Amino acid sequence: AESDMLFGYATLEGNVAWRDVNKGTWFISTFVDVVREMRGEEEFSHMLDVVNKRVLESRRAVDEDGAWSGSRGQYNIGQAAEFTKRGWRGKLFLR
């Protein structure tokens, strides 16, 4: 039986997951930041909600080649993460 499974996707199916050439992917860099900030204090599911919120709010400017270019970029892009739980029954805290 499938229980206590959690799947995390950097973006919704059919969309692009963006990457900063210096910091890595928006999803993973945000995930690492949130875990570092909240481990030992917040439950894991809540941390994932925060990751999703920050990725959604993380609109950035990119140039024609898709490279992050700060405020000089030509396009303002965004991304949405997705988390799916199967049989998630408890609370998980990271130390």
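Preceding block: the structure.
Quick summary incoming for the structure in this document. Note that the structure is predicted; figures quoted are calculated from it, not measured. (Residues numbered from 1 in each chain as written. Predicted model: local features only at pLDDT ≥ 70, side-chain atom pairs only at ≥ 80, totals over all residues. Heavy atoms only, no water.)

### Observations regarding the packing of helix 1 (residues 26-38) against helix 2 (residues 44-57)
One can describe the packing of helix 1 onto helix 2 by two numbers: an axis separation of 9 Å at closest approach and a directional angle of 135 degrees. In terms of their interaxial angle, helix 1 and helix 2 are classed as oblique. Considering the relative orientation of helix 1 and helix 2, their crossing is right-handed. Facing helix 1, whose interface residues are Trp26, Phe27, Thr30, Phe31, Val34, Val35, Glu37 and Met38, helix 2 presents Phe44, His46, Met47, Leu48, Val50, Val51, Arg54 and Val55. (Axes fitted to C-alpha atoms, helices over the stretch in contact; angles between N-to-C directions. Helix = DSSP H or I, 4+ residues; strand = E, 2+ residues; numbered from the N terminus. Parallel < 35°, antiparallel > 145°, perpendicular 65-115°, else oblique. Left-handed = near helix turned anticlockwise from the far one by under 90°. Contact = heavy atoms within 4.5 Å.)

### Some details on helix 2
End to end, helix 2 covers 20 Å across 14 residues, agreeing with the expected 20 Å (1.5 Å per residue, within 8%). Residues Phe44, Ser45, Met47, Leu48, Val50, Val51 and Val55 constitute the buried set of helix 2. Looking at where helix 2 begins, the residue whose side-chain oxygen comes 2.9 Å from the main-chain nitrogen of Ser45 is Glu43. (Expected span 1.5 Å × (residues − 1). Buried < 20%, exposed > 50% of the residue type's maximum accessible area, 1.4 Å probe, protein only. Polar contact = N/O pair within 3.5 Å; in protein donor to acceptor, adjacent residues only side chain to side chain.)

### Some remarks on the environment of Val55
Structurally, the position occupied by Val55 is in helix 2. A sequence separation of 45 residues divides Val55 from Ala10, and the C-alpha atoms of the two residues are 9.1 Å apart. Ignoring anything within four residues of it in the chain, the contact list for Val55 reads Trp26, Phe27, Thr30, Gln79, Ala80 and Ala81.

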